[in-house]
Amino acid sequence: MSGSEFDRKVNQKDLNNRLLSALSQEAYCSLQSHLEIVSLAFKQVLFQPQERIPYVYFPTSCLVSLLTVMTDGTAVEVGVVGNDGMAGIPLFLGTDISSFRAVVQIPGEAIRLRADVFKQAIAQVDTLSLWIQRYINLLLIQIAQTSGCNSRHTVEQRCCRWLLMMHDSARDNKFEMTQEFLAQMLCVRRASVTEVALKLQKIGLLQYNRGKMTICDRQGLEATACECYSLLRAERDRLFS
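Nothing here was measured: the structure is a model prediction, and the numbers come from that model.

Asker: Explain the packing of aromatic side chains here, please?
Answerer: Aromatic ring pairs are described here by two measures, namely the spacing of the ring centres and the angle between the planes. Summed over all chains, the structure comprises three aromatic pairs. Measuring from centroid to centroid gives 5.3 Å for Phe 42 and Phe 181, while their planes differ by 85°, and the two rings are edge-to-face. In this pair, Phe 42 sits in the loop between strand 1 (36–40) and strand 2 (45–47) while Phe 181 sits in helix 8 (residues 179–186), placing the two residues 139 residues apart along the sequence. Geometrically, the ring pair formed by Trp 131 and Phe 240 is stacked, given 5.8 Å between the ring centres and 5° between the ring planes. Of this pair, Trp 131 sits in helix 6 (residues 126–152) while Phe 240 sits in the segment after helix 11 (227–239), and the two are 109 residues apart along the sequence. Both residues of the pair, Trp 131 and Phe 240, belong to the buried class. The cationic tip of Arg 112 hangs over the ring face of Tyr 55; the distance from NZ or CZ to the ring centre is 3.7 Å. Directly above the aromatic system of Trp 131 lies the positively charged group of Arg 134, at a separation of 4.7 Å from the ring centroid.

Next up, the structure:
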């Protein structure tokens, strides 16, 4: 990383990560000198299954997908990490080896912390451990809800839920997203995603052009999505209330 990136100090009042923002000022100050702002690219892999996790990431304007990888190479999304959480939870649970692939869904910025510094911090900073425990509960709820959603709801409903989650973390109504990648995230055929995307464009909920998604009618997406999105949003809001 260049010196200019190291010089970009991260002030708590300017944070757009709700997990770090929730820390006491004393706890945050103990971490501040170790925090780095990094820019993450679309489809950038942060860590792989059965590999050591070098850093934890607190997204601010990006979104990270957690994928379980099958023996045939197929990857299925099991959770997403936005600006209400962190990627690298196994380090908190006592292992530095990931079971998931973490890949950037929406490019943007994140706050990065070295794994060794993070492990030292959770042993010394009580409020950091407390908030991460609460976030893990939220992540488990998300994983369980997504599992039920994938088995019970239509591709259209799931697609709207997924787009709403993307929109929550993106700072813009526009973000990079190919239909092929979206199909992978939803674990459906690309043809199914193409059909849904065309329908959502026709009724004015979104636009899709050359790998760019644009949210045109958020309320319409919420009305079309399954109940899973509103349930997950309520749990997230309850955590940080």
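Asker: What's the story with the pairing of strand 4 (residues 63–69) in this structure? I'm lost.
Answerer: Consecutive side chains along a regular strand alternate between the two faces of the sheet. Counting buried positions along strand 4 gives five out of seven residues, so the element sits mostly inside the fold. Here strand 4 pairs with strand 6 (residues 101–106) via five bridges, running antiparallel. Counted as the bridge partner of Leu 66 is Ala 102 from strand 6. Looking at chain direction, strand 4 and strand 5 (residues 75–81) are connected through six bridges and run antiparallel.

Asker: Please explain helix 5 (residues 115–124) as it appears in this structure.
Answerer: In an α-helix, one turn spans 3.6 residues, which is why side chains three or four residues apart end up on the same side. Taken as a whole, helix 5 has its buried residues at Ala 115, Val 117, Phe 118, Ala 121 and Ile 122. Projection of helix 5 onto a plane perpendicular to its axis shows the buried side chains occupying an angular sector of 155°, all on one side. Turned more than 90 degrees away from the buried face of helix 5 sit Ala 123 and Gln 124, all of them exposed. Looking at the packing, one finds that the buried side of helix 5 touches helix 3 (25–32), strand 3 (55–59), helix 4 (89–92), strand 7 (108–114) and helix 6.

Basis of the calculations
- Residues numbered from 1 in each chain as written.
- Predicted model: local features only at pLDDT ≥ 70, side-chain atom pairs only at ≥ 80, totals over all residues.
- Heavy atoms only, no water.
- Phe/Tyr/Trp six-rings, centres within 6.5 Å; stacked < 30°, edge-to-face > 60°.
- Helix = DSSP H or I, 4+ residues; strand = E, 2+ residues; numbered from the N terminus.
- Buried < 20%, exposed > 50% of the residue type's maximum accessible area, 1.4 Å probe, protein only.
- Lys NZ or Arg CZ within 6 Å of the ring centre and 35° of its normal.
- Pairing = 2+ DSSP bridges.
- Arc of directions from axis to C-beta.
- Contact = heavy atoms within 4.5 Å.

Everything listed here is a matter of coordinates, which is why it stays silent on function.
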